[in-house]
Amino acid sequence: MNLARFPRIRLGHGPTPLEPMENLTKRLGGPRLWIKRDDCTGLSTGGNKTRKLEYLMADARAQGADTVITQGATQSNHARQTAAACAKLGFRCHILLEDRTGYTDDAYRMSGNVLLDKLHGASVERRPGGADMQAEMEAVAERMRGEGKRPYVIPGGGSNPIGALGYVTAALELVNQAAEMGLKIDHLVHATGSAGTQAGLVAGLVGLNSGIPVLGIGVRAPREKQEANVLALAQRTADHLGLPPGTVRAEHVVANCDYVGQGYGIPTRGMVDAVRLVAETEGVLLDPVYSGKGMAGLIDLVRKGSFPEDSSVVFLHTGGAVGLFGYPDAFDLPAEAA
Ligand SMILES: *Cc1c(COP(=O)(O)O)cnc(C)c1O
């Protein structure tokens, strides 16, 4: 795997730390839990989109673009990190925000990630829930071309074979880091949405023959659809990398979508409890839409005995804590009866 042949512009601090969660491990009494801190990538409070943007922004530059268009939900972490990357690299940034939750309160619509999109100088337009966001972006790109601009369209979540290279790089980083620390990783768990993170990890970990299984905890789609999305993108990413056809197979892609609750971006009791527990035991902030639900899944699976007690499980923290400020009411719930 020769990653150096793909154009990349460094945007993140790396390698991100790989740390034990001793208190949470003790509290749950299960396997040894570790955390890979991709919330600490450094770009505008960090998160997993930074790694993808290193490859996507390099491609935008190579194509001579002067404007980047992307889309996401109102509290999109991807939109915020894209806005920051554009600010740093001198691109105009135009963001389309889809109202996937129907929440009308000011915190959700204006605070958290939305505040930062604007601070980074991005222009923001809103679209109703269920809009065909790819088509909406193409229409905006067409309009901009008519104005003499040179737009580059990044799909939602930065999830295509170019963006997924960021998580191939992360797989390589994690495997090297674990080897240096003498840590044998038995499982890697993270929140999966637009599929690029899991696809890149799977392509990288399988391509390296690491033997580390990945479990994605879904935040939106049902299991069958999520696994199909991840598998398709992992295979396209493997092709892009030049891995032999058939390297990534269906058995490498596992998603558990039992922790979505009522839908994307809608808080669940498990998410609230997980965000609180990790904040109180580890001093680490998760987020309401992704890493909180991912951790809710991991905690529940630990409690159900899904991982052997002497195994080591790494939770990839994909960032997003700024989104907490878009959901202040979710955390008004009384504490869990213990
Ligand atoms: C986007 C995002 C994810 C999901 O990553 P995908 O590559 O879209 O599957 C997970 N956590 C956070 C905080 C995110 O912003």
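Residues numbered from 1 in each chain as written. Predicted model: local features only at pLDDT ≥ 70, side-chain atom pairs only at ≥ 80, totals over all residues. Heavy atoms only, no water.

An unreviewed UniProt entry lists the protein chain under the name D-cysteine desulfhydrase, from Craurococcus roseus. Under the UniProt heading Sequence similarities (unreviewed entry), the note attached to the protein chain is "Belongs to the ACC deaminase/D-cysteine desulfhydrase family." The UniProt entry for the protein chain carries this comment under Cofactor (unreviewed entry): "pyridoxal 5'-phosphate". (UniProt positions renumbered as here; feature names shortened; annotations may be inferred.)

Colleague: Explain the sheet that holds strand S3 (residues 67–73) to me, and be specific about the residues and the numbers.
Modeller: Ordered in space as S5-S4-S3-S6, the four strands form an open sheet in which the pairing is parallel. The sheet terminates laterally at strand S5 (123–128) and strand S6 (151–153), the two strands that pair on one side only. Looking at each pair of strands side by side, their axes are set apart by 25° on average, direction ignored. Two elements, strand S4 (residues 92–99) and S5, share six bridges in a ladder whose sense is parallel. Across the sheet, the residue bridging to histidine 94 is serine 123, located in S5. (Pairing = 2+ DSSP bridges. Helix = DSSP H or I, 4+ residues; strand = E, 2+ residues; numbered from the N terminus. Axes fitted to C-alpha atoms, helices over the stretch in contact; angles between N-to-C directions.)

Colleague: Requested: an account of the UniProt feature "domain: Tryptophan synthase beta chain-like PALP" (unreviewed entry) in the protein chain, with residues and values cited.
Modeller: UniProt records the feature "domain: Tryptophan synthase beta chain-like PALP" (unreviewed entry) for residues 9–319 in the present numbering. A distance of 20 Å separates the end C-alpha atoms of residues 9–319, which is 45% helix and 17% strand.

Colleague: Lay out the site of the ligand with the relevant residues and their values.
Modeller: Residues in contact with the ligand amount to 17 residues; listed here are only the nearest, Lys49, Lys52, Ser194, Thr197 and Thr318. Between the ligand and alanine 195, the relevant distance is 3.0 Å, taken from an oxygen atom to a main-chain nitrogen or oxygen of the residue. One of the backbone N or O atoms of glycine 196 is found 3.4 Å from an oxygen atom in the ligand. Alone, the ligand offers 380 Å² of accessible surface; in the complex the protein occludes 98% of this. When residues of the shell around the ligand are traced back to their parent elements, those giving at least two are helix H2 (49–62), strand S7 (187–192) and helix H8 (196–207). (Near = heavy atom within 4 Å. Polar contact = N/O pair within 3.5 Å; in protein donor to acceptor, adjacent residues only side chain to side chain. Areas by Shrake-Rupley, 256 points an atom, 1.4 Å probe, with all protein chains shown as cover.)

Colleague: Describe the nonpolar core, with residues and values.
Modeller: As a rule of thumb, soluble globular proteins bury nonpolar side chains together. Ranked by internal contacts, the top residues of the largest apolar core, which has 34 residues, are Leu3, Ile185, Leu188, Leu201 and Leu241. Going through the elements one at a time, helix H7 (161–181), H8, helix H9 (223–241) and strand S10 (312–317) are the ones with two or more residues in this core. With seven residues, the top contributor of residues to this core is H7. Contacts of leucine 188, omitting those with residues within four sequence positions, involve Leu174, Leu201, Leu205, Ile212, Pro213, Val214, Leu215, Val314 and Leu316. Counting residues in each nonpolar core, the second largest holds 27 residues, with Leu28, Leu33, Ile35 and Leu277 among its members. (Core = buried A, V, L, I, M, F, W, Y, C linked by side-chain atoms within 4.5 Å. Buried < 20%, exposed > 50% of the residue type's maximum accessible area, 1.4 Å probe, protein only. Contact = heavy atoms within 4.5 Å.)

Colleague: Any chance you could break down a nonpolar patch on the surface for me, citing the residues and the numbers?
Modeller: On the surface, Met1, Leu172 and Leu208 cluster together into a nonpolar patch covering about 210 Å² of accessible area. Note on placement: leucine 208 falls in the loop between H8 and strand S8 (214–218). (Patch = residues over 30% accessible without salt bridge, like charges linked within 9 Å, V, L, I, M, F, W, Y side chains within 5 Å. Salt bridge = Lys/Arg side-chain N within 4 Å of Asp/Glu carboxyl O.)

Colleague: Now, about H2: what can you tell me, with residues and values included?
Modeller: Turn by turn, an α-helix covers 3.6 residues, leaving residues three or four places apart pointing in a common direction. A rise of 1.5 Å per residue sets the reference length of H2, with its 14 residues, at 20 Å; its end C-alpha atoms lie 19 Å apart and thus fit the reference within 8%. Within H2, twelve of the 14 residues are buried, leaving the element largely enclosed by the surrounding structure. Those residues of H2 that fall on the buried side of the exposure criterion are Lys49, Thr50, Arg51, Lys52, Leu53, Glu54, Tyr55, Leu56, Met57, Ala58, Asp59 and Ala60. Following H2 by one or two positions, glycine 64 adopts a phi angle in the positive range, close to 75°. (Expected span 1.5 Å × (residues − 1).)

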